[in-house]
Amino acid sequence: MPEFCDVAVPVPLHMVLTYRVPEGAAPASGSRVIVSFRQQRLAGVITELHDRAPTVTTKTILEVLDETPALSEELLRLGKWISEYYLAPVGEVFRSMLPLNAEFRRAIVYRITEEGHMALHLAGSGGSSARSKRNPDDQDAEYRALNYLAMRDETREESLRSVTRISPALLASMVRKKWIEREDVSHVTDATRTRQIAILKDESWSDGRDRPSIGNLKLNTNQRGILDALTAASGRLEVEKLRELDVPRSTLSTLVKRGLVEIIAEAIELPKSTVNPRVLPSGMEFNSAQQAALGQICTLVNARKFAGILLHGVTGSGKTAVYLAAMKSVLDSGRSAILLVPEIGLTPAVAADVHEVFGDEVAILHSGLSNKERAEHWHRIRRGEARAIVGTRSAVFAPVSNLALIIVDEEQDSSYKQEETPRYHARDVAVMRAKFSDAVVVLGSATPSLESYFNAKKNRYALVEMPDRVEKRPLPEVELIDMRQEFQETGTEQVISRKLIGEIRLRLERKEQAMVLLNRRGYSPVVLCRTCGKKLECSNCAIALTHHKSSRRMECHYCGSMAPVPKHCASCGSEYVYFLGTGSEKLEELLHGFFPQARIARLDRDTVRGHADFERVLNALNAGELDLLVGTQMIAKGHDIHGVTLVGVVGADMALGLPDFRAAERTFQLLTQVAGRAGRGEIPGKVVLQTYFPEHYAVQYAAQHDFTGFYEKELRFRSWMHYPPYSSLANVMVRSAKLDDTLRWSGMLGRWFEKTRHEGVRVLGPAAAPIERLKRDYRYHFILKSPSRQKLNTVLRAMLTQAEKEKIPRTNVIVDVDALWLM
């Protein structure tokens, strides 16, 4: 056994660390280990075993977690490629590939020392001469922390901070002064297939949520928060999810002792979709286009060599049936397949279809599952119990063996791009994984991204077309409503045009169903003072707060910050506060007013808190229990509801005004996708598309269902401006909570870009990001473009090296390769 090993730890370092292998241990490359790093215990992944002795003192691995590697050689290679291509720390890449948080729990405890007891005594007696020279708020926080610790043997960090409201910086200062001791007691947890469930025992709480007590029992804010969470979850919630609340662990124990909450252990039952599976062709009998597509996929799979296919089929052409038939062929041959969908919202419907065909051989991977559920699915896949994998972007890392096929449904969707480190694109990672595994990757869409269609036209992928709907059903008729003309004729600003109201009424009379899309949630997106003209903005972001009427609050849709609904202007005190604009919540209210007898539901992130909510609405729509569904883009993709014969689109062209070169492409895709929800049954469908830009080419081509026309026109604009697919693009964001730091650091990098020759790479910036402040950080950015990916990568690496020389913290410089969001 080699004496040393290189370990990738989940920290922002572009390097691996060398540790000594403990005597008697037999780890392998890809095994998880517990190591000590800067007074912390971290779970890392071994990347290499060797006998090269380092020149510095080497720590020994604390614990080996896996007898067999958690990451295969193929997945290790994929992780290293992601790290190289996206310039992401390799340890953070491996952490994102392993959904095993349930098996390793981070825990820090603090204890008071003799020096701390002395400091507490002096503070209480007023004997410290240094006390008056320091910040009184800091002194009070330190006193609270010392006093709290003095009454206990040890305390977890989250409890200490929650109770005493002390900052991490002050805790670190107290450790340096040796008043307290800090110990990392992170550990491997019980990996048995059970979970703890908290059950609300006092039913009266649901009738008295605003009361500060139940009977004579007083409740503090933390206790009330837990009871609120349990009530919202129908009196039953996993303890793991309760621990996500910012309350001490002792709070739940106190509620248990008082008889208000009971904790039980139960076996993990992996949730199955309750959505009814779609009716697939009996015996997989396909039309000629489906047969040709399936035949080409199976031929390439049987060749056992890497191949890429772009499956371009109009909405309702039967792509899902082709996916399932191809997966069935793969599983029948003893191999494995992965099906990626862009959003959790699509997972229940697709999972129901896959369960119908493959039964218990299906595993689901997405962020809506608890940590233990994700870990259990992961282990089932690793043991070979599940060979048909369905999930969102992280499912591309499923530990399947003998992989033959990866399918990326709705491959153009921006949800496949991760917006935090590592900033990978699951579609492109799927292509590389298929390449490393000699597998076939199928990219499917009715509106492929320009990059994928361009690659297919250049013969980098095989292009397979499915130009017609199944059973020769017609594509829906699209009618454009010019809302400028609507205003001229009615004299008022209309949210819903007269034509759309009439078409909805007609569908209700016929007992048919309709969908209305407004891709903006909330009630009113802007609150404006009519006296001084100022709008109510988020305190953390340069973004207007959105009014949510049902919850009676203002909310930031970027950072989640909340505020009360204003009665007066915060700037001038005026009472003339105006709620401007319309969101999906207001649209639902307006439709209830127009059609009081209609059964109306709304589908957006405010009404869907989990997969159960989504499945309930989808089942009701499928069963004909709803007449009208209102929603954001959650209703636009993947749903196959045969009773829907009308789709109304309200304000979908708003994105055309954004400073983003992809605005036209996103608008075309959204309009085409939502239009495709209409007329999927026996009755032909219709789309009423309200727009203020009826002459825009994205709107015109969407109305004509003409992808090729849009592609050719948009491609000309991209070529003139050297944007993808004609060049590779990266967005470099410099951020800090202090504006001076952001300006200084972006200025440093800007001067370096100016002085250094970067042949073949064009640099734009620095400039303020379109959203200049986000989540308390001020943001300036650079956009880099190059026809050569290699040259772009070289310049980005050199820039990061320069940032390190200039002492710019690595976490304050974000590099987003192949960026989709430039805001």
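Here we summarise the structure given alongside this text. (Residues numbered from 1 in each chain as written. Predicted model: local features only at pLDDT ≥ 70, side-chain atom pairs only at ≥ 80, totals over all residues. Heavy atoms only, no water.)

### Some words on the overall build of the protein chain
Helices and strands together make up the secondary structure of the protein chain, namely 24 helices and 37 strands. Considered along the principal axes of its C-alpha atoms, the protein chain spans approximately 85 × 70 × 60 Å. A separation threshold of at least 6 residues defines the contact pool for the protein chain, and within that pool the share at least 24 residues apart is 75%. Approximately 37300 Å² of the protein chain is accessible, and the part contributed by carbon and sulfur atoms is 49%. Distance from the positive charge centre (111 side chains) to the negative charge centre (101 side chains) of the protein chain: 4 Å. (Helix = DSSP H or I, 4+ residues; strand = E, 2+ residues; numbered from the N terminus. Contact = heavy atoms within 4.5 Å. Areas by Shrake-Rupley, 256 points an atom, 1.4 Å probe, with all protein chains shown as cover. Lys, Arg positive; Asp, Glu negative; His and termini not counted. Charge placed at Lys NZ, Arg CZ, Asp CG, Glu CD.)

### Structural notes on the sheet that holds strand S16 (residues 307–313)
With parallel pairing, the seven strands of this open sheet are ordered in space as S18-S19-S17-S20-S21-S16-S22. With partners counted over all chains shown, the strands left at the sheet margins are strand S18 (362–365) and strand S22 (462–466), one partner each. When strand polarity is set aside, the average angle formed by the axes of neighbouring strands in this sheet is 20°. For S16 and S22, the ladder comprises five bridges, and the chain directions are parallel. Bridging from a neighbouring strand, Gly-313 pairs with Met-466 of S22. On top of the sheet, helix H14 (residues 426–437) reaches strand S17 (336–340), strand S20 (403–409) and strand S21 (440–445); it is set at about 165° to S20, its chief contact. (Pairing = 2+ DSSP bridges. Axes fitted to C-alpha atoms, helices over the stretch in contact; angles between N-to-C directions.)

### As for the environment of Thr-492
Structurally, the position occupied by Thr-492 is in the loop between helix H16 (483–490) and helix H17 (498–509). Of the polar contacts made by the side chain of Thr-492, one reaches the side chain of Gln-494; its length is 2.5 Å. (Polar contact = N/O pair within 3.5 Å; in protein donor to acceptor, adjacent residues only side chain to side chain.)

### Here's the deal with the pattern of salt bridges
Summed over all chains, the structure comprises 45 salt bridges. For Glu-503, the salt bridge goes to Lys-499, with nearest N and O atoms at 3.2 Å. With Glu-503 and Lys-499 both in helix H17, this residue pair falls four residues apart, about one helical turn. Across the pair Glu-503 and Lys-686 runs a salt bridge whose closest N-O atoms are separated by 2.9 Å. Here Glu-503 is found in helix H17, whereas its partner Lys-686 is found in strand S33 (residues 686–691), with 183 residues between them in sequence. On the accessibility criterion, Lys-686 (10% relative accessible area) is buried. One network of salt bridges, with partners in common, ties together Glu-479, Lys-499, Glu-503, Arg-507, Arg-510, Glu-512 and Lys-686. (Salt bridge = Lys/Arg side-chain N within 4 Å of Asp/Glu carboxyl O. Buried < 20%, exposed > 50% of the residue type's maximum accessible area, 1.4 Å probe, protein only.)

### Topic: the pairing of S18
For a regular strand, side chains alternate in direction, first toward one face of the sheet and then toward the other. Side chains Val-362 and Ile-364 project from S18 onto one buried face, and the interleaved Ala-363 and Leu-365 project onto a second face that is buried too. With four bridges joining them, S18 and strand S19 (residues 388–391) adopt parallel strand pairing. Within S19, the position partnered with Ile-364 by the bridge is Val-390. The β-α-β motif built from S18, the intervening helix H13 (residues 371–382) and the parallel element S19 has right-handed crossover chirality. (Right-handed = clockwise from strand over helix to strand, strands pointing away.)

### With respect to the nonpolar core
In terms of nonpolar packing, the biggest core is built from 115 residues, with Ile-389, Leu-796 and Met-799 touching the most fellow members. Not counting residues up to four positions away in its chain, the partners in contact with Ile-389 are Ala-337, Ile-338, Leu-339, Ala-363, Leu-365, Ile-381, Ala-395, Ala-398 and Val-400. (Core = buried A, V, L, I, M, F, W, Y, C linked by side-chain atoms within 4.5 Å.)

### Examining the packing of helix H4 (residues 136–150) against helix H6 (residues 168–176)
Packing of H4 against H6 brings their axes to within 11 Å, and their N-to-C directions diverge by 70°. Here H4 lies roughly perpendicular to H6, going by the angle between them. Our pair here, H4 against H6, has a crossing hand that is right-handed. Listed contacts from H6 to Asp-138, Ala-141, Glu-142, Ala-145 and Leu-146 of H4 are Leu-170, Ser-173 and Met-174. Grouping the amino acids of the contact of H4 with H6 by side-chain chemistry returns five nonpolar, one polar and two charged. (Parallel < 35°, antiparallel > 145°, perpendicular 65-115°, else oblique. Left-handed = near helix turned anticlockwise from the far one by under 90°. Nonpolar A, V, L, I, M, F, W, Y, C, P; charged D, E, K, R; others polar.)

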